Amino acid sequence: MKKLSILFLSILMISTMVLAACGGNSSSTGASEKGSSDSASGEGGKRTIKVSIGVNDKHPEYEASMKFKELVEAESDDLTVEVYHSGQVADDRSAIEMLQFGTLDVTIPSTSPLVNFIPEFGVFDLPFTVPNEEVADKVLDGPFGDKMLEMVDQQGLVGLAWWENGFRNLTNDVKPVATMEDVKGLKIRTMENEIHLDAWKALGANPTPMAFTELFTALQQGTIDGQENPYPTILLSKYPEVQKHVSNTNHVYTPFIFLFSKKIWEQLSAEQQEVVSKAALEAGKFNRERTREVAEESLETLKKEMTFTEIKDGEFEKFQEAVKPVVGKYKDKIGAEIVDEFLAEVDKAK
Ligand code: TK8
């Protein structure tokens, strides 16, 4: 069944690109004017690299994807880049599968959906472990981060760089959340990741997993009460239109990971691989700076558009205590060794 859905997605994607190439709204995809439905040889013999992201074209991840496009096209005379935002090609999990099939070149998802392919990536979902961006940078830019990027090879993927999604915060449409008590019974959407599901159950919520592409509609229709994402995503995905309350839970730091299809990567020349790899890293630095700027600005705007509630210090310890059994439960599933290694790297970086 899954293979059929991937085949359907691939046909859908190619027809979307044929439409785009025939004068579709290129500004909505950032697709180059030329557009090309065949990545192997676009117009003028150039190879087209197609990038799919889940967030929309207001988000710093889109800005960084366009920076990636700019850098690749400036440094190479035989590569062009097309950026498809808002999950219009596929949601995170399907996009990862398309990379494995070789029907999509690049996707830059949160690491959380990747846990369905590589359990070790669950280290990034352990609640309340990474305290700030500085520690996150040191861990991801150090040997541990390199090891995790190399680990995706086993799944037909090439990990090129760490970008930033950021610290996740809770929004809901029912009540201000200042304590764990306030979380009780809230129907919270989580990413498709069992650690997030269990963590919110441990906090007393009633969580449900859902692809990011379905989230706004579910909030609008009230099938769920709330969700959790970094401030830029909350603001730029227009959640204040469908959510009244936001709290600074800061419960998980989620990286974005820049993934390239290994099947397609192996068709690139060494020069093309060098250009793409450097551009992914360079655009990643831009992405982190821009995301942190936008996160600060977004919080100020959200405070005007929503009810912002601070989680009081005494409450944070209760949240952390409540999720400790989840960390213990998943330590074996993720791999005790890699969990210990991650936690040691976090402690060293503090
Ligand atoms: C975007 C997703 C999203 C993530 C989520 O591709 O699903 O809530 O935080 O930003 O990866």
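See the structure printed just above.
Each value, and the rule that gives it
Residues numbered from 1 in each chain as written. Predicted model: local features only at pLDDT ≥ 70, side-chain atom pairs only at ≥ 80, totals over all residues. Heavy atoms only, no water. Helix = DSSP H or I, 4+ residues; strand = E, 2+ residues; numbered from the N terminus. Buried < 20%, exposed > 50% of the residue type's maximum accessible area, 1.4 Å probe, protein only. Polar contact = N/O pair within 3.5 Å; in protein donor to acceptor, adjacent residues only side chain to side chain. Contact = heavy atoms within 4.5 Å. Axes fitted to C-alpha atoms, helices over the stretch in contact; angles between N-to-C directions. Parallel < 35°, antiparallel > 145°, perpendicular 65-115°, else oblique. Left-handed = near helix turned anticlockwise from the far one by under 90°. Nonpolar A, V, L, I, M, F, W, Y, C, P; charged D, E, K, R; others polar. Pairing = 2+ DSSP bridges. Phe/Tyr/Trp six-rings, centres within 6.5 Å; stacked < 30°, edge-to-face > 60°. Lys NZ or Arg CZ within 6 Å of the ring centre and 35° of its normal.

**What to know about the side chain of E164**
Relative to the assigned elements, E164 resides in strand β4 (residues 157-167). Accessibility expressed as a relative area gives 2% for E164, which makes it buried. Only 2.6 Å separates the side chain of E164 from the side chain of R292, close enough to count as a polar contact. Those residues in contact with E164, other than ones at most four positions away along the chain, are E133, Y253, T254, F256, N287, R288, T291 and R292.

**Observations regarding the packing of helix α8 (residues 194-202) against helix α13 (residues 313-334)**
Here α8 crosses α13 at 155°, and the two axes come no closer than 8 Å. Relative to α13, the element α8 lies roughly antiparallel. Along this stretch, α8 crosses α13, giving a crossing that reads as right-handed. Together, E194, I195, D198, A199 and A202 of α8 and A322, V323, V326, K329, Y330, K333 and I334 of α13 make up the contact between the two elements. Considered class by class, the residues forming the contact of α8 with α13 number eight nonpolar, no polar and four charged.

**With respect to the sheet that holds β4**
The five strands lie next to each other as β2-β1-β3-β10-β4, forming an open sheet whose pairing is mixed. Lying at the two open borders of the sheet, with one neighbouring strand each, are β2 (79-84) and β4. Sheet topology places β4 next to strand β10 (residues 253-261); nine bridges connect them, and they run antiparallel. For E164, the partnering residue across the bridge sits in β10 and is P255. The sheet contacts of helix α12 (residues 270-305) involve β1 (47-52), β2, β4 and β10, and relative to β4 the element is tilted by about 5°.

**Some remarks on the packing of aromatic side chains**
Counted by the stated rule, this structure contains twelve aromatic pairs. Relative to F316, the ring of F128 lies with its centre 6.5 Å away and its plane at 80°, an arrangement referred to as edge-to-face. Taken as a pair, F128 in the loop between β3 (106-107) and α5 (133-140) and F316 in helix α13 lie far apart in primary sequence, 188 residues in all. Here F316 falls in the buried class, since its relative accessible area comes to 17%. A centroid spacing of 5.5 Å and a plane angle of 55° characterise the contact between W163 and F258, whose relative ring orientation is tilted. Residue W163 is found in strand β4, and its partner F258 is found in strand β10; the two are separated by 95 residues along the sequence. One exposure class covers both W163 and F258, and it is buried. Grouped by ring-pair contacts, the aromatic residues F121, F124, F144, W162 and F342 constitute a single cluster. Over the ring of F286 we find K67; its NZ or CZ atom is 5.3 Å from the centre of that ring. Looking at K303, its charged tip hangs above the ring of F308, at a distance of 5.0 Å from the centre.

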